[in-house]
Structures are given as structure tokens and as C-alpha cells.
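# Structural features, examined
Below, each chain spelled out in residue letters.
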Amino acid sequence: MKKSTKSIKPAAPQKKSIVPKPVGAKPVKKAAVSRKNVAAKPVAAAGKGSLVSTTITAHIDIGFGNILFVRGEGPGLSWDRGLAMKCESDDQWSLVLPAGSRPVIFKFLVNDLSWSTGSDYVIDAGTKIVLTPAF
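Reading the values: rules and limits
Residues numbered from 1 in each chain as written. Predicted model: local features only at pLDDT ≥ 70, side-chain atom pairs only at ≥ 80, totals over all residues. Heavy atoms only, no water. Core = buried A, V, L, I, M, F, W, Y, C linked by side-chain atoms within 4.5 Å. Buried < 20%, exposed > 50% of the residue type's maximum accessible area, 1.4 Å probe, protein only. Helix = DSSP H or I, 4+ residues; strand = E, 2+ residues; numbered from the N terminus. Contact = heavy atoms within 4.5 Å. Salt bridge = Lys/Arg side-chain N within 4 Å of Asp/Glu carboxyl O. Pairing = 2+ DSSP bridges.

In summary, soluble globular proteins display a tendency toward joint burial of nonpolar side chains. Ranked by size, the top nonpolar core spans 19 residues in total, and within it I56, L68, V70, M85, W93, F106 and F108 carry the most contacts. Elements represented by at least two residues in this core include exactly β2 (52–59), β3 (68–73), β6 (92–100), β7 (104–110), β9 (120–123) and β10 (128–131). Dropping the residues within four chain positions of it, I56 is found in contact with M85, W93, S94, L95, L97, F106, F108, I123 and I129.

Okay, structure coming up:
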């Protein structure tokens, strides 16, 4: 019987790369979707023309270890990179946007990768709103 001189070495574990693709490598294509107007009451302003912050709250359990993000148009928002929402409890997330005067258009993402279903949300600046997104 022959003896093998080769050493047996286990294969290296496979890992997925989590490095984000460089922004600007390809133009981002936005699908044409209708905008969903959400009825909400603006927060009372101190005076005419004053700016107030906008608060977005989402009620959804996205699982342990995941983070809910928001992308869109408005103060501090971008369609290219999301803002992480603050986890208030296991099924409640919130985000306070800086003061602005124009409507805020946005959409939710899980881990800044998976978009919520449906059309974009549109709310007035200075609004406090509670939504339940679907994925």
C-alpha cells in the first residue's frame, strides 16, 4: 500500500464581500413610480416662514441585526446613500430630519439595500408621521 505525501488541508471558508460599489461607476437608474401623498398634519410653526424639523417613524420588525434606512429628497436625504434610522424598540424606528421648507420625498430600505414596495412617500416639511412600510 502506498503512502501519500500530500498533506490534507481544508478549503478556506468562503466570505461574501461587503465592500460597497463605488458611487458614480454606473449611473443610478430610478424607476418611474407614482408618488404617494401621505396625509399628515404639519407641526405648528413659531412664525410665518419659520422652518421646523420633520420626524419619520416606521412600525416594522425587520429582524435582529438589520437596520432601517431612508433615501429620498429633502434636508439631509439623498437617493444615492441612505440615512440610518434610530431603533426605538424591536418594531419602531425613527428619524428626525433637519428643518426645511420643501416637501420631503422618501422610501425605506433594509440595510440600505432592499427597497420597500410601493411608491415613494411624500410629506410636507415639519410633519411628524408614523408609517408601516412593506418589503
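Evaluated as defined, the whole model comprises 1 salt bridge. One salt bridge connects R71 with D112, and the closest N-O pair in it is separated by 2.9 Å. With R71 in strand β3 and D112 in the loop between β7 and β8 (114–115), the pair connects residues that are 41 residues apart, well separated along the chain.

Tracing the backbone shows H59 in strand β2. Its relative accessible area of 31% is what places H59 among the partly exposed residues. The sequence separation of H59 and V130 amounts to 71 residues, and the corresponding C-alpha distance is 7.2 Å.

Counting buried positions along β3 gives 5 out of 6 residues, so the element sits mostly inside the fold. By the bridge criterion, 2 bridges tie β3 to strand β4 (residues 83–84) in an arrangement that is antiparallel. Note on β4: the bridge partner recorded for V70 is L83.

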